[in-house]
Amino acid sequence: MSRAAVAGVQGDGETSAALTEEIVRWATPRGTHGARFFACHARALAALGGGDFETAYQHGSTLSPPGTVAPYVPIAMWGTMDLVEAAIRTGREKEAAAHAAAMRATGMAGLSPRLELLVLACEALTTAAEAAVPLFERALSPPDAERRPLDVARVRLFHGERLRRLRVTTEAREQLTRALDAFQRLGAKPWVTRTAAELRAGGQSAPAATRPGTVALTAQELQIATLAATGLTNKQIAERMFLSHRTFGTHLYQIYPKLGITSRAALRDALSRLDRGDEG
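These numbers come from a predicted model, not from an experiment. (Residues numbered from 1 in each chain as written. Predicted model: local features only at pLDDT ≥ 70, side-chain atom pairs only at ≥ 80, totals over all residues. Heavy atoms only, no water.)

(A) Inspection of the environment of arginine 200 at higher detail. Along the chain, arginine 200 falls in helix α12 (residues 189-201). On the basis of relative accessibility, which here comes to 25%, the residue arginine 200 falls in the partly exposed class. For the pair arginine 200 and glycine 260, spaced 60 residues apart in sequence, the C-alpha separation works out to 8.2 Å. (Helix = DSSP H or I, 4+ residues; strand = E, 2+ residues; numbered from the N terminus. Buried < 20%, exposed > 50% of the residue type's maximum accessible area, 1.4 Å probe, protein only.)

Here it is, written out as structure tokens:
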């Protein structure tokens, strides 16, 4: 089961999907719900790395409904940060905040350092502006935090994103660089791409090995990106393409890492590079 999660984190979606499907096929007729929950966790991780936040949210919700940490399902605690991140990225801020509050209410933070890190990180993710910074710092402060490299790297990425938006540039670059190093050591290619894009958005050149190569947008993604670059509002684009606001937002988040960017403002230049055949 851990092979499915590792494959998803490293960007091998085909292997991860095959392994999780095998787990589900074996577990369903036997009523082995724990194995099915492991498959949900692996699928959520794979979707998050690839920027498919809507799919990640659906898998995370199956594991544990928003606002409730499912009892007697230990992996529901491990997947809490997956659900909170996916909720935030898909515009479900209330659900994200409810889940972070439920995590604190269960007392799970007192069960292990890893669970305390997840609780603090989720509280930080659902806290506005500068008030989140000390929560991120507390999450990363335990001396043995690096024993959980993927969790820590993800929190550093979130922390760096928040610091960059607060224009705390030097500290943001430090967190993002450390996250990038960890993701590279783990072979977590989708997370490397996301972090490198965030570094570039902050004005720092990412290592050559992390720069996006040939970009492969689907026809729908190219249409969305092109319309978004013209300055049309989300509502106007969603109505034109017969999409919901939420679905449109999810597609846009999937497009950013493919283009090596982190914001809508960078779409025009990214599409220009794509037209010229540039590779970063």
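(B) Helix α11 (residues 169-186), seen in detail. With 18 residues, α11 extends 26 Å between its outermost C-alpha atoms, agreeing within 8% with the 26 Å of an ideal straight helix rising 1.5 Å per residue. Buried within α11 are the following residues: Ala172, Gln175, Leu176, Ala179, Leu180, Ala182 and Phe183. Looking down the long axis of α11, one finds its buried residues gathered within 165° of arc, a one-sided arrangement. In α11, the exposed positions angled more than 90 degrees off the buried face are occupied by Thr170 and Arg185. Buried residues along α11 sit against α10 (149-165) and α12. One or two positions beyond α11, positive phi appears at glycine 187, with a value near 70°. (Expected span 1.5 Å × (residues − 1). Arc of directions from axis to C-beta. Contact = heavy atoms within 4.5 Å.)

(C) Local environment of the pattern of salt bridges. The final tally for this structure, using the stated rule, is 10 salt bridges. The partner of glutamate 161 in a salt bridge is arginine 89, and the shortest N-O contact between them spans 3.0 Å. Separated by 72 residues along the polypeptide, glutamate 161 in helix α10 and arginine 89 in helix α6 (residues 80-89) bring together distant segments of the chain. In this pair, the class of glutamate 161 matches that of arginine 89, namely buried. Note that arginine 165 and glutamate 198 form a salt bridge whose closest N and O atoms lie 2.8 Å from each other. Linking arginine 165 in helix α10 with glutamate 198 in helix α12, this pair joins segments that are 33 residues apart in sequence. Residue arginine 165 is classed as partly exposed on the basis of its relative accessible area of 47%. Here the salt bridges do not stand alone but share partners, grouping Asp82, Glu85, Arg89, Arg154, Glu161 and Arg194 into one network. (Salt bridge = Lys/Arg side-chain N within 4 Å of Asp/Glu carboxyl O.)

(D) Here's a closer look at the packing of α6 against helix α7 (residues 93-106). It is at 7 Å that the axes of α6 and α7 come closest, and there the two elements cross at 160°. Judged by the inter-axis angle, α6 sits roughly antiparallel to α7. Here α6 runs over α7; the crossing is left-handed. Within the contact between the two elements, α6 uses Thr80, Leu83, Val84, Ala87 and Ile88 and α7 uses Glu93, Ala96, His99, Ala100 and Met103. In terms of residue class, the contact of α6 with α7 is built from seven nonpolar, two polar and one charged. (Axes fitted to C-alpha atoms, helices over the stretch in contact; angles between N-to-C directions. Parallel < 35°, antiparallel > 145°, perpendicular 65-115°, else oblique. Left-handed = near helix turned anticlockwise from the far one by under 90°. Nonpolar A, V, L, I, M, F, W, Y, C, P; charged D, E, K, R; others polar.)

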